[in-house]
Amino acid sequence: GKGEYRHFMLKEIYEQPQVIGDTLNALFNPAERTITLPALPFALETVERVTIVACGTSYYAGLVARYWLESVARVPVDIDVASEFRYRAPPLQKGGLALFISQSGETADTLAALRHCKAQGLWCVAVVNVPESTMAREAHAVLPTLAGPEIGVASTKAFTTQLVVMAALCLALARARHAIDRATEARLSRGLAEVPARAAEVLKYDDALHALAQEVAEARDVLYLGRGTSHAVALEGALKLKEISYIHAEGYPAGEMKHGPIALIDETVPVIVIAPHDGLFDKTAGNVQEVIARGGRIILLSDAEGIAHVGAGVAHAVTLPVVDPFVAPILYAIPVQLLAYHVAVIKGTDVDQPRNLAKSVTVE
Ligand code: M6R
């Protein structure tokens with residue numbers, strides 16, 4: 001049941017410190033700070049290219065993973081939504097690695113893509129939350145997310161546990177490919193090990209996010225901006241908001257604003273910026289000033305340093321704890337979930353069962 005919570009979605013948001021910890025503990029040896037993946041039928045050091053296929057929120061987890069796999073494990077990544085991938089006829093390398101990310105393990109397009117890749121001779125690994133699902137059965141190997149049953153149609157804890165699995169896979173690949181030195185590996189592992197505790201800290205900002213929800217609930221359109229892994233979080237934030245509040249929202253790479261969407265900016269369009277103080281922060285801060293100059297209302301999700309550096313004119317800022325940039329997308333996912341949740345509650349929608357949506361999309 002929902003216990004003390006009003007909706008399954010809220011309960012599942014609050015379960016994240018626990019289930020992120022469970023997922024991590026199955027892959028991570030805290031004493032040695034090393035990743036141990038379940039047995040795989042191929043050697044990680046032979047992986048030269050990764051293909052990622054998924055839908056919806058699971059696809060956004062794949063987008064975060066692309067940044068990680070390319071920048072940390074130095075492996076080229078090809079990623080697409082399953083409904084496009086399966087009809088693209090991409091040339092695939094026999095013996096290559098394909099990852100299928102799915103909460104349900106039953107999504108029709110993702111399953112079809114898995115079957116296609118398997119027939120082409122790729123190693124198929126399923127990152128799934130339902131261990132007895134079709135994808136888990138048909139893949140060569142499974143990397144499980146231990147989120148437990150996710151009832152809310154809007155995916156929350158499945159997303160953050162998918163990210164944990166992908167981060168662990170990234171570290172294991174980076175080591176196998178000699179892509180990172182021991183010091184970097186230790187730093188990234190430490191960041192990952194701290195995620196459950198940091199997630200619990202981030203949940204304490206629930207009231208601060210709740211306080212912003214009214215303004216967002218009054219909007220007709222909302223933009224979410226970010227760069228790098230925060231771009232994927234922006235896309236996820238926009239999806240969460242539209243699916244449960246029915247407010248039109250778009251996620252954009254912050255640097256793409258001036259190529260079109262900046263025309264939408266006026267004082268009625270809240271612009272939610274995901275910007276931990278990382279290596280791309282100054283670039284995003286520049287985009288924030290461009291929005292402010294056009295009368296846009298910025299809601300900034302950052303840390304104390306980011307907020308100190310962004311300059312004047314931000315309408316609202318939420319000061320989140322300082323986190324390692326590597327794991328920031330896992331933690332910044334939580335405030336965007338909470339914000340969407342509170343907006344939907346204000347709107348009076350059916351949060352756990354939004355209109356027109358099914359939890360598991362088993363038809364093409
Ligand atoms: O079960 P899956 O992860 O394969 O589902 C993929 C999408 O249908 C799913 O993530 C959908 O986008 C969610 N409703 C998002 O909250």
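Residues numbered from 1 in each chain as written. Predicted model: local features only at pLDDT ≥ 70, side-chain atom pairs only at ≥ 80, totals over all residues. Heavy atoms only, no water.

Quick reminder of the rule: UniProt positions are given in the numbering used here, feature names are shortened, and annotations may be inferred rather than shown by experiment.
You'll find the chain entered in an unreviewed UniProt entry as Glutamine--fructose-6-phosphate aminotransferase [isomerizing], with Pararhodospirillum oryzae given as the organism. Under the Subunit (unreviewed entry) heading, UniProt states for the chain: "Homodimer."

1. Describing the pattern of salt bridges
Condition: Whenever a carboxyl oxygen of Asp or Glu lies within 4 Å of a side-chain nitrogen of Lys or Arg, that contact is scored as a salt bridge. Each residue gets one of three labels from its accessible area relative to the maximum for its type: buried under 20%, exposed over 50%, partly exposed in between, using a 1.4 Å probe on protein chains only. Per the convention used, a helix needs a DSSP run of H or I reaching at least four residues, while a strand needs a run of E reaching at least two, with both numbered from the N terminus.
Throughout the structure, instances matching the rule amount to 18 salt bridges. In this structure, the salt-bridge partner of Glu-15 is Lys-11, at a minimum N-O distance of 3.0 Å. Residue Lys-11 is classed as partly exposed on the basis of its relative accessible area of 21%. Between Glu-185 and Arg-175 there is a salt bridge, and its shortest N-O distance comes to 2.9 Å. Highlighted residues: Glu-185 in helix H8 (residues 182-193) and Arg-175 in helix H7 (residues 157-176), separated in sequence by ten residues. Of the residues examined, Glu-185 reaches a relative accessible area of 6% and is grouped as buried. Overall, Arg-175 belongs to the partly exposed group, its relative accessible area being 31%. One salt-bridge network, in which partners are shared between bridges, spans Lys-11, Glu-15 and Lys-157.

2. Thoughts on empty space enclosed by the protein
The probe, sized like a water molecule, is rolled over the atoms to show the empty space still left. Counted only if it meets this: A 1.4 Å probe that fits but cannot get out identifies a cavity on a 1 Å grid over protein atoms alone, an open set with protein on both sides within 12 Å along at least five of seven lines counts as a pocket, and a residue lines either if it has an atom within 4 Å of a point. Grid points are joined across faces, edges and corners, and a volume is the space filled by probe spheres set on the points. In the scheme used here, Gly and all other residues not listed as nonpolar or charged are polar, with Ala, Val, Leu, Ile, Met, Phe, Trp, Tyr, Cys and Pro taken as nonpolar and Asp, Glu, Lys and Arg as charged.
If you walk through the whole model with that rule in mind, you get one cavity of 30 Å³ or more. In this model, the largest cavity occupies a volume close to 30 Å³. If you trace the largest cavity, you find it lined by Arg-227, Ser-230, Ile-274, Ala-275, Pro-276, Asp-278, Leu-280, Phe-281 and Thr-284. Split by residue class, the lining of the largest cavity holds five nonpolar, two polar and two charged.

3. Considering the sheet that holds strand S10 (residues 270-274)
Heads up, the rule is: DSSP bridges decide pairing: two strands pair if at least two such bridges lie between them. Angles run from 0 to 180 degrees between N-to-C directions of axes, and those axes are lines fitted to C-alpha atoms, restricted for helices to the stretch in contact. Contacts: residue pairs with any heavy atoms within 4.5 Å of one another.
Read from one edge to the other, the open sheet built from five strands follows the order S9-S8-S10-S11-S12, with strand pairing classed as parallel. Of all strands in the sheet, those bounded by a partner on one side alone are strand S9 (248-253) and strand S12 (316-320). Strand after strand, the sheet turns through a mean of 15 degrees between neighbouring axes, direction not considered. As judged from the five bridges shared by S10 and strand S11 (residues 297-303), these two strands associate in the parallel manner. Along S11, the bridge assignment pairs Ile-272 with Ile-299. In this fold helix H11 (residues 229-245) packs onto strand S8 (221-226), S9 and S10, with an angle of close to 175 degrees to the strand it touches most, S9.

4. A look at the site of the ligand
Quick reminder of the rule: Summary of the distance rule: residues count as near a molecule or strand when at least one heavy atom falls within 4 Å of that molecule or strand. A 3.5 Å cut-off defines polar contacts: any pair of N or O atoms within that distance qualifies, except that in protein one atom must be a possible hydrogen donor and the other a possible acceptor, and neighbouring residues in sequence count only when both atoms are side-chain atoms. Surface accessibility in these figures is a Shrake-Rupley result with a 1.4 Å probe; residues are shielded only by whichever protein chains are displayed. Placement in a cavity or pocket follows one criterion, namely that more than half of the molecule's atoms lie within 2 Å of its grid points.
Surveying the vicinity of the ligand reveals 14 residues, the closest of which are Ser-58, Ser-102, Gln-103, Thr-107 and Glu-243. Between the ligand and Gln-103 there is a distance of 2.6 Å, counted from an oxygen atom to a backbone nitrogen or oxygen. Backbone polar atom of Val-153 to a nitrogen atom of the ligand: 3.1 Å apart, as the coordinates give it. Within the complex, the protein chains bury 91% of what would otherwise be the 420 Å² of accessible surface of the ligand. Mapping the ligand onto the cavity grids shows that it belongs to the largest pocket. In terms of residue class, the shell around the ligand is built from four nonpolar, eight polar and two charged.

5. Observations regarding the environment of Ile-299
Its location among the elements puts Ile-299 in strand S11. Sequence separation between Ile-299 and Lys-94 is 205 residues, and the spatial gap between their C-alpha atoms is 46 Å.

6. Some words on the layout of surface pockets
For the largest pocket, the calculated volume is near 570 Å³. Around the largest pocket, the lining is made up of 29 residues, and of these Cys-55, Gly-56, Thr-57, Lys-359 and Val-361 lie nearest the centre. Within the residue set of the lining of the largest pocket, elements represented by two or more residues are helix H3 (56-71), strand S5 (97-102), helix H5 (108-119) and H11. Of all the elements, H3 adds the most residues to the lining of the largest pocket, at five residues. Considered class by class, the residues forming the lining of the largest pocket number 13 nonpolar, ten polar and six charged. For the second largest pocket, the calculated volume is near 300 Å³. Forming the walls of the second largest pocket are 17 residues, and the residues nearest its centre are Trp-68, Ser-71, Thr-229, Pro-325 and Phe-326. At the level of elements, H3 and H8 are the ones that each hand at least two residues to the lining of the second largest pocket. A breakdown of the residues in the lining of the second largest pocket according to their chemical character gives eight nonpolar, five polar and four charged.

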